[in-house]
Amino acid sequence: MNELTITGPARTHAFVGASLVLVSCLSVQASAALASTLFDRLGAPAVAGLRQLCAALVLMVLVRPRIRGHTRQEWAGMAVYGASMAVMNVAFYCAVGRLPLGVAATLLFLGPFVVAVASARAWREALLPAVGLAGVVLVTEPGGTVEWPGIAFGLLSALALACYTVFAQRVGRASSGLEGLAVSVCISAMLLLPFSVPAAPSVNGSGWGLVALSGVVGVALAFTLDFQAVKMAGAKVVATLFSLDPVMGALIGAIILAESLSAPVLVGMGLIVSAGAVATWRAESLPIPPIPTSADRS
């Protein structure tokens with residue numbers, strides 16, 4: 001798999017990055033809906049582990065990463081990146097098993113929201129993720145009985161996603177490029193082997209099909225798109241654009257589950273999309289990290 005080569009001003013990078021995040025959010029929410037059908041039989045941690053394992057196999061075949069030749073700093077970055085993937089997947093699926101998908105996605109967005117606010121260089125820049133967060137709250141229509149274990153897992157997934165967002169940029173800046181992503185997904189899959197290996201014999205043919213599809217779409221494809229988007233637009237812009245996840249959850253619920261969208265949900269979706277669009281437009285002044293190539297791959 002070749003690296004994406006993008007030339008032009010920073011605004012062009014940001015728009016391409018925004019498009020990648022849009023597809024990534026759709027992939028994550030659709031795959032979560034697929035994987036959730038296996039939670040009752042296998043458990044959320046096992047499903048997360050099996051997904052990561054399938055994604056790791058796909059990326060290893062397509063990317064064929066080098067194991068040798070990485071610096072100690074690169075290995076440290078890939079290890080943290082992979083660990084954040086593992087924690088994020090397990091915690092998010094545990095939250096989805098206890099909370100509505102939109103609510104779990106909202107809590108997940110709190111992680112990149114903090115990254116976006118923390119990286120703001122002026123108070124005006126912090127307004128965009130704040131607008132996005134307000135839209136997320138409207139999309140999920142908070143209320144009803146509080147499921148505290150689900151809330152706790154959701155907050156843990158948010159912390160892991162914050163680390164994921166930051167280290168995606170660090171690994172992307174390293175010479176390893178997509179090799180770093182592939183190795184990180186493999187590290188994540190290995191960390192989850194205690195959950196995935198015992199559950200593997202219980203998976204039937206159709207179950208393996210769901211796991212494989214969910215792993216390819218929700219992990220291999222989504223993480224590759226996130227990885228490239230962070231390199232193009234930067235962690236702050238991508239962190240703001242991750243607010244599209246709850247919007248995708250609402251849209252999938254409306255299309256697949258025939259759920260109606262209320263006025264607050266529509267207003268919230270408008271706020272989220274507006275914040276993402278403005279963040280992308282203002283990205284012209286942001287420095288764009290160099291995009292590594294695969295010329296040195298052996």
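One structure accompanies this document, and this report is about it. (Residues numbered from 1 in each chain as written. Predicted model: local features only at pLDDT ≥ 70, side-chain atom pairs only at ≥ 80, totals over all residues. Heavy atoms only, no water.)

Side note on the overall build of the chain
The helix and strand inventory of the chain stands at 13 helices and zero strands. The secondary structure elements of the chain, listed N-terminal to C-terminal, are α-α-α-α-α-α-α-α-α-α-α-α-α. The buried share of the chain, taken over its 298 residues, is 53%. Sequence separation of at least 24 residues holds for 88% of the intrachain contacts in the chain that already meet a minimum separation of 6. Carbon and sulfur atoms form 69% of the exposed surface of the chain, whose accessible area is close to 12900 Å². (Helix = DSSP H or I, 4+ residues; strand = E, 2+ residues; numbered from the N terminus. Buried < 20%, exposed > 50% of the residue type's maximum accessible area, 1.4 Å probe, protein only. Contact = heavy atoms within 4.5 Å. Areas by Shrake-Rupley, 256 points an atom, 1.4 Å probe, with all protein chains shown as cover.)

Topic: the packing of helix α4 (residues 72-96) against helix α10 (residues 205-233)
The geometry of α4 relative to α10 is characterised by a closest axis approach of 14 Å and an angle of 130° between their N-to-C directions. Classified by the angle their axes make, α4 and α10 are oblique. Crossing handedness for the pair α4 and α10: right-handed. Only S214, V219, F223 and F227 of α10 make contact with α4, whose side of the interface consists of Y81, M85, M88, N89 and Y93. (Axes fitted to C-alpha atoms, helices over the stretch in contact; angles between N-to-C directions. Parallel < 35°, antiparallel > 145°, perpendicular 65-115°, else oblique. Left-handed = near helix turned anticlockwise from the far one by under 90°.)

Thoughts on the nonpolar core
One broad rule of soluble globular proteins: the nonpolar side chains tend to lie buried together. Residues Y81, Y93, Y164, L181, V185 and F223 are the most contacted members of the largest nonpolar core, which totals 74 residues. Once you skip the residues sitting within four places of it in the chain, L181 turns out to touch Y81, M85, V171, F223, T224 and F227. (Core = buried A, V, L, I, M, F, W, Y, C linked by side-chain atoms within 4.5 Å.)

A word on the packing of helix α3 (residues 44-63) against helix α8 (residues 178-191)
Two packed helices can be described by the angle between their axes and the distance between those axes. Where α3 contacts α8, the two axes come as close as 8 Å, and the packing angle between them is 150°. Classified by the angle their axes make, α3 and α8 are roughly antiparallel. The handedness of the crossing between α3 and α8 comes out as left-handed. Note on element contacts: α8 touches α3 through L178, E179, A182, V185, C186, S188 and A189, opposite Q52, L53, A55, A56, L59, M60 and V63.

With respect to the environment of V166
Inspection of the secondary structure puts V166 in helix α7 (residues 148-173). Sequence separation between V166 and V115 is 51 residues; the distance between their C-alpha atoms is 7.7 Å.

Describing the side chain of S27
Relative to the helices and strands, S27 is located in helix α1 (residues 10-35). A polar contact is formed between the side chain of S27 and the backbone oxygen of V23, at a distance of 2.9 Å. Every residue in contact with S27, bar those within four places of it in the chain, is listed here: V217, G218, L221 and A222. (Polar contact = N/O pair within 3.5 Å; in protein donor to acceptor, adjacent residues only side chain to side chain.)

Quick word on a nonpolar patch on the surface
A grouping of L53, L57, M190, L193 and V197 is seen on the molecular surface, where their side chains present a nonpolar patch of about 440 Å² in accessible area. When residues of the nonpolar patch are traced back to their parent elements, those giving at least two are α3 and α9 (193-199). Tracing the backbone shows L53 in helix α3. You can call L53 partly exposed: its relative accessible area is 31%. (Patch = residues over 30% accessible without salt bridge, like charges linked within 9 Å, V, L, I, M, F, W, Y side chains within 5 Å. Salt bridge = Lys/Arg side-chain N within 4 Å of Asp/Glu carboxyl O.)

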